[in-house]
Protein chains: 2
Amino acid sequence: MSEIVTAGILVIGDEILSGRTKDKNIGFIAEYLTNIGIDLKEVRVVADEESDIIAALDALRHRYDYVFTTGGIGPTHDDITADAVAKAFGVGIDHHPEVVARFKERWSEQDLNEARLRMARIPDGADLIQSATILAPGFKIGNVIVMAGVPTIMQAMMDIVAPKLKSGVRMLSESVRANAREGDVGGPLREIAKAHPDTVIGSYPFLDDEKKPNTNLVVRSRDPEKLAAAMNAVKEMLAGLNVTTR
Amino acid sequence: MSEIVTAGILVIGDEILSGRTKDKNIGFIAEYLTNIGIDLKEVRVVADEESDIIAALDALRHRYDYVFTTGGIGPTHDDITADAVAKAFGVGIDHHPEVVARFKERWSEQDLNEARLRMARIPDGADLIQSATILAPGFKIGNVIVMAGVPTIMQAMMDIVAPKLKSGVRMLSESVRANAREGDVGGPLREIAKAHPDTVIGSYPFLDDEKKPNTNLVVRSRDPEKLAAAMNAVKEMLAGLNVTTR
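Scoring rules and cut-offs
- Residues numbered from 1 in each chain as written.
- Chains lettered and ligands numbered in written order.
- Predicted model: local features only at pLDDT ≥ 70, side-chain atom pairs only at ≥ 80, totals over all residues.
- Heavy atoms only, no water.
- Least-squares fit on C-alpha atoms with pLDDT ≥ 70 in both.
- Contact = heavy atoms within 4.5 Å.
- Pairing = 2+ DSSP bridges.
- Helix = DSSP H or I, 4+ residues; strand = E, 2+ residues; numbered from the N terminus.
- Axes fitted to C-alpha atoms, helices over the stretch in contact; angles between N-to-C directions.
- UniProt positions renumbered as here; feature names shortened; annotations may be inferred.
- Salt bridge = Lys/Arg side-chain N within 4 Å of Asp/Glu carboxyl O.
- Buried < 20%, exposed > 50% of the residue type's maximum accessible area, 1.4 Å probe, protein only.

Superposition record for chain A on chain B: RMSD 0.0 Å, screw rotation 180°, translation along axis 0.0 Å. Overall, the copies show the geometry of a two-fold rotation axis. Residue arginine 44 of chain A of chain A places its C-alpha closer to the rotation axis than any other residue of that unit, at 2.2 Å. A share of 100% of the interface residues of chain A reappears at the interface of chain B, consistent with the copies meeting face to face through the same patch.

Pasting the structure below:
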């Protein structure tokens with residue numbers, strides 16, 4: 001079985017912690033990584049505080065193959081992600097000539113003020129993540145991918161950076177609707193999980209269209225045969241289930 | 001100025017990290033805490049792995065006044081939050097007689113199987129978080145509040161536990177629409193932020209109804225007079241802004 005590639009996400013922004021902005025990036029990146037065969041292992045959300053950003057970044061980047069950050073690369077005083085990343089890596093940071101040149105094409109001299117020029121500050125040695133439609137670039141330094149907080153821009157950056165990432169064997173997933181309450185399948189499901197060690201079996205309760213408690217069962221594995229064997233066991237269990245009421 | 005009360009959130013669940021389920025709890029709790037005067041400082045999302053849960057829980061509970069966890073208290077084998085919390089606190093865990101008694105009222109002997117009884121396992125010394133409409137209780141042990149992952153149940157639990165929490169002076173917030181691009185306000189905003197040290201000023205770009213780039217500016221402070229002074233400075237700055245285009 002081939003290598004497993006892991007990742008962490010670091011969301012940076014006071015506005016997420018205050019609840020003013022509801023994060024939409026974690027779910028998107030999580031699903032994206034699953035689809036390209038990278039295992040998301042941990043997410044952290046921290047404030048626009050340099051020491052907090054550096055501490056979280058260091059914890060994640062030493063632990064996982066990749067770290068994806070979102071937020072804090074705009075033109076205002078609270079956008080400090082690039083500086084924090086440079087400090088974490090112990091490298092300098094300066095206006096990137098290629099980015100400055102693009103900004104000069106786009107903005108008049110009056111509009112290209114100090115605030116906008118901040119968005120051209122890139123840690124030394126980082127690779128730009130940019131395209132014609134992305135104004136302020138993201139960047140990749142070491143195993144850290146720094147992206148915008150605005151979902152549409154972050155998503156465009158994921159598309160640019162994804163082909164350059166190493167990825168492992170994709171985690172396969174299959175799900176079945178139990179038509180039973182979670183408490184009715186919990187016991188037998190535990191036995192199936194024990195008997196199928198290279199699979200991960202999850203159980204997710206929900207209310208169905210008739211507002212009756214129901215459960216989705218999800219089997220995940222990198223090995224299609226082991227996935228199929230575990231799913232067969234789950235389906236046999238469900239067929240034999242003696243459910244009195246729902 | 002009165003005490004500041006801080007909190008962390010720990011979201012527990014493979015389904016969030018795989019992207020299968022999109023978290024709705026972080027944003028809700030974040031806004032809720034802001035409204036009752038508790039500062040959310042950090043969020044972590046970890047998998048259904050005991051060692052990961054304990055490590056994150058220990059990091060957060062020693063650092064912040066409160067930790068709110070969501071997920072992993074259901075009836076299946078992957079619901080291991082209560083056990084992990086008991087281990088983190090170094091206490092035992094057993095079926096809570098009060099919860100078992102309620103389960104016996106609700107379920108027949110056949111339905112009250114081992115899986116459902118798991119939901120009655122509560123760490124020693126914890127206080128139950130429950131009501132007539134909540135089936136499996138949450139609990140509070142030390143400064144850790146353990147809640148369900150299903151949003152409606154988690155929200156009911158927040159309502160039960162919130163009145164018992166100490167809270168600080170509420171962070172006040174006022175926002176103004178800049179009618180300018182973020183890059184046009186970045187420079188003057190930095191000066192205003194420097195001149196008003198007991199406030200936090202945030203800048204959030206968005207596309208308005210005409211798809212033009214626009215910016216919301218948010219001033220936050222615990223002191224209403226300092227908030228007003230900073231907001232006045234922001235509004236004066238905006239009135240004098242020489243914006244060529246948007």
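Moving on, we come to the sheet that holds strand E10 (residues 200–207) of chain A. All names here are of chain A. The strand order E9-E11-E10 describes an open sheet built from 3 strands, whose pairing is antiparallel. For this open sheet the edge positions go to strand E9 (172–177) and E10, each flanked by a neighbour on one side alone. Recorded for the sheet is a direction-independent mean angle of 20° between the axes of neighbouring strands. Examined bridge by bridge, E9 and strand E11 (residues 213–221) share 6 bridges and lie antiparallel to one another. Bridge pairing in E11 places leucine 172 opposite serine 221.

What follows is about the side chain of threonine 69 of chain A. Its location among the elements puts threonine 69 of chain A in strand E3 (residues 66–70). When neighbours within four sequence positions are excluded, threonine 69 of chain A is seen to be in contact with Leu10, Ile12, Leu57, Thr81, Val144, Ile145, Val146 and Met147 of chain A.

With that out of the way, let us pick up the UniProt feature "domain: MoaB/Mog" (unreviewed entry) in chain A. Look at the UniProt record and you will see "domain: MoaB/Mog" (unreviewed entry) annotated at residues 8–168 of chain A. As annotated, residues 8–168 of chain A comprises 40% helix and 22% strand, and the C-alpha atoms at either end are separated by 15 Å.

All names here are of chain A. By the definition in use, this model includes 34 salt bridges over all chains. Linking lysine 235 and glutamate 174 is a salt bridge whose minimum nitrogen-to-oxygen distance equals 4.0 Å. Of this pair, lysine 235 sits in helix H9 (residues 224–239) while glutamate 174 is found in strand E9, placing the two residues 61 residues apart along the sequence. The exposure class assigned to glutamate 174 is partly exposed, which follows from its relative accessible area of 34%. With its nearest N and O atoms 2.6 Å apart, the salt bridge here joins aspartate 198 to lysine 226. Within this pair, whereas aspartate 198 is found in the loop between helix H8 (182–195) and E10, its partner lysine 226 is found in helix H9, the two being separated by 28 residues in sequence.

Our focus in this paragraph is the sheet that holds E3 of chain A. Sheet architecture is open: 12 strands sit in the order E6(A)-E7(A)-E8(A)-E3(A)-E1(A)-E2(A)-E2(B)-E1(B)-E3(B)-E8(B)-E7(B)-E6(B), paired in mixed fashion. The open sheet has two free edges, formed respectively by strand E6 (127–129) of chain A together with strand E6 (127–129) of chain B, since each of these has just one partner strand. With strand direction ignored, the average angle separating the axes of adjacent strands in the sheet is 20°. By the bridge criterion, 3 bridges tie strand E7 (residues 138–141) of chain A to strand E8 (residues 144–147) of chain A in an arrangement that is antiparallel. The residue of E8 of chain A that forms the bridge with phenylalanine 139 of chain A is valine 146 of chain A.

Another point: the pairing of E3 of chain A. Residue and element names in this part refer to chain A. Most of E3 is tucked away: 5 of the 5 residues are buried. Both faces of E3 are covered, namely the face carrying Tyr66, Phe68 and Thr70 and the face carrying Val67 and Thr69. Here E3 pairs with E8 via 4 bridges, running parallel. For threonine 69, the partnering residue across the bridge sits in E8 and is valine 146.

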